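Chain by chain, the residues:
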Amino acid sequence: MTDFVRQRGAAAFGTRLRRLSERLDRDVQAIYRERAIAFEPRWFPIVSVLDAHQTMSVGDLAELIGVSHAAVSQLRAELVAAGLVRTRPDAADQRRLRLELTPGGKRMVARLESLWAAISCPTLLVYGKESWASNPEQDGRIRHFRTARLAIVEGAGHWVHHDRLEAFLAEVSGFLA
């Protein structure tokens, strides 16, 4: 059967990038499973930020990683159930919860860091300056990759390839050259 999305060419660029992202998530999950690591790729931003900042409120975490409060709450529940994160009331406002890594979460980070450090291929992180997502240098994600280069694209939001296609292609082409 012919791949309809591929036939659409550049018109389906966003869809093809989503496919690539989903494939990468599946591949990363397979690597974790092969090494008996009970970790979901979607947990990475929260665990990485908590590792870098020790403790953070749900709202502050949502703002820093650029997702909704509800999304962080959902991931928090998963991470608590996995024993990687615990919550405690905020001392300044008992209605707010602060998240922090458990001792098991800290051990998981150490185990993951050794795996991430093994990534020796050049890595390009593309960040839209106006994105709702956090800057990988500021939230600590970039430190997990030995050979990472961060490309910050001015005038672009989260969908850099949509907002500034030519700048995106220039960054990727330069990286691949």
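Note that the structure is predicted; figures quoted are calculated from it, not measured.

How each quantity is defined
Residue positions within a chain follow its written sequence, with the count starting from 1. A pLDDT threshold of at least 70 governs which residues receive local features in this predicted model, and a stricter bar of 80 or more applies before side-chain atom pairs are shown or counted, although totals over entire chains, interfaces and linings include all residues. The side-chain figures draw on all heavy atoms in the structure; neither hydrogens nor water molecules are used. Starting at the N terminus, helices and strands are each numbered in turn, a helix being any DSSP run of H or I of at least four residues and a strand any DSSP run of E of at least two. Think of it in three bands: with a 1.4 Å probe and only protein chains considered, a residue is buried below 20% of the maximum accessible area for its type, exposed above 50%, and partly exposed in between. Classification of ring pairs uses Phe, Tyr and Trp, with its six-membered ring standing for Trp, and accepts pairs whose centres are within 6.5 Å; under 30 degrees between planes counts as stacked, over 60 as edge-to-face, and the remaining range as tilted. Two strands form a pair only when DSSP identifies at least two bridges running between them. Helix axes use the C-alpha atoms of the stretch in contact, all axes being lines fitted to C-alpha atoms, and the angles between their N-to-C directions lie in the range 0 to 180 degrees.

A. Expanded view of unusual backbone geometry. The backbone of Ala36 sits at a positive phi, close to 55°, despite the residue not being glycine. Locating Ala36 in the fold gives a position in the loop between helix H2 (13–34) and helix H3 (44–53). Ala36 gets classed as exposed once you look at its relative accessible area, which sits at 61%. The phi torsion at Gln54 lies on the positive side, around 70°, for a residue other than glycine. Within the secondary structure, Gln54 sits in the loop between H3 and strand S1 (55–57). Accessibility expressed as a relative area gives 53% for Gln54, which makes it exposed.

B. View of the packing of aromatic side chains. As enumerated under the stated definition, the model contains 3 aromatic pairs in all. For the pair Phe39 and Trp43, a centre-to-centre distance of 5.6 Å together with 90° between the ring planes defines the contact as edge-to-face. With relative accessibility at 7%, the residue Trp43 sits in the buried group. Residues Phe44 and Trp116 carry aromatic rings whose centres are separated by 4.9 Å and whose planes lie at 85° to one another, so their mutual orientation is edge-to-face. Of this pair, Phe44 sits in helix H3 while Trp116 sits in helix H6 (residues 103–117), placing them 72 residues apart in sequence. Just as Phe44 is buried, Trp116 falls in that class too. Through successive ring pairs, a cluster of aromatic residues spans Tyr32, Phe39 and Trp43.

C. Highlighting the pairing of strand S4 (residues 123–128). Burial analysis of S4 places 5 of its 6 residues in the buried class, which makes it a mostly covered element. Inspection of the sheet shows S4 paired to strand S5 (residues 148–153) by 6 bridges, in the parallel sense. Paired with Leu124 across the bridge in S5 is Arg149.

D. Structural detail: the sheet that holds strand S2 (residues 85–89). Read across the open sheet, the 3 strands follow the order S1-S3-S2; overall the sheet is antiparallel. The sheet is open, and its two borders are formed by S1 and S2, each paired with just one other strand. Ignoring strand direction, the axes of neighbouring strands in this sheet form an average angle of 30°. With 5 bridges connecting them, S2 and strand S3 (residues 97–101) associate as antiparallel partners. Residue pairing for S3: Arg88 is matched across the bridge by Arg98.

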